[in-house]
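# Survey of secondary and tertiary structure
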Amino acid sequence: QLQLVESGGGLVQAGGSLTLSCAASGRTFETYAMGWFRQAPGKEREFVTAISWGGSTFYADSVKGRFTVSRDNAKNMVTLQMDSLKSEDTAVYYCAARPYSLMVPASQYNFWGQGTQVTVAS
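Residues numbered from 1 in each chain as written. Predicted model: local features only at pLDDT ≥ 70, side-chain atom pairs only at ≥ 80, totals over all residues. Heavy atoms only, no water.

### Details of the pairing of strand β9 (residues 91-99)
With seven of nine residues buried, β9 is to be regarded as a mostly interior element. Both strand β4 (residues 32-39) and β9 contribute to a ladder of eight bridges, which runs antiparallel. Paired with Arg-38 across the two strands is Tyr-93, which belongs to β9. Relative to strand β11 (residues 116-121), β9 is paired through three bridges, and the arrangement is antiparallel. From the neighbouring strand, Ala-91 faces β11, where its bridge partner is Val-118. Where β9 lies against strand β10 (residues 111-112), two bridges are found, and the strand directions are antiparallel. By the bridge assignment for β10, Ala-96 is matched with Trp-112. (Buried < 20%, exposed > 50% of the residue type's maximum accessible area, 1.4 Å probe, protein only. Helix = DSSP H or I, 4+ residues; strand = E, 2+ residues; numbered from the N terminus. Pairing = 2+ DSSP bridges.)

Written out as structure tokens, the structure reads:
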């Protein structure tokens, strides 16, 4: 069982940067793959990036080269560094967890945070 809490959202100008964090509770954090998803108003939740328990990463094409996901197992933390932000990155961002391997579909993730709002002003 994991509880996830996101932080770091806010308002940023286009071209700026923002760092999101996801703190996890639970003694087996290192055995989970961690994903980041986002949902804009009126749109479906979409995959952003994920990092496996072993550190492998995968990114959506829309964020590749701009976003970086990392994890610190000692701190039970996963971080999403977002650079060169665009207005279309505006959404509620969620972190999620599933055992071991990263997957793209949201339905494959067992645990979710409450989300944090990211607004990019153009």
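That was the structure; now back to the text.
### Quick look at the environment of Glu-30
When you line up the elements, Glu-30 lands in the loop between β3 (18-25) and β4. Taking the C-alpha atoms as reference, Glu-30 lies 9.7 Å from Met-77; in sequence the two are 47 residues apart. If we skip the residues at most four places from it in the chain, Glu-30 touches Trp-53, Arg-71 and Asn-73. (Contact = heavy atoms within 4.5 Å.)

### Thoughts on the environment of Ser-87
Secondary-structure assignment places Ser-87 in the loop between β8 (77-82) and β9. Using a relative accessible area of 35% as the deciding quantity, one classes Ser-87 as partly exposed. A sequence separation of 35 residues divides Ser-87 from Ser-122, and the C-alpha atoms of the two residues are 5.8 Å apart. Leave out the neighbours within four places in its chain, and Ser-87 touches Val-120 and Ser-122. Here the side chain of Ser-87 touches Glu-88 through a polar contact of 3.2 Å, side chain to side chain. (Polar contact = N/O pair within 3.5 Å; in protein donor to acceptor, adjacent residues only side chain to side chain.)

### Side note on the side chain of Asn-76
Mapped onto the elements of the fold, Asn-76 is located in the loop between β7 (67-72) and β8. Of note is the side chain of Asn-76, whose polar atom sits 2.9 Å from the backbone oxygen of Gly-26. What Asn-76 contacts, discounting residues up to four positions off in sequence, is Cys-22, Ala-23, Ala-24, Ser-25, Gly-26 and Phe-29.

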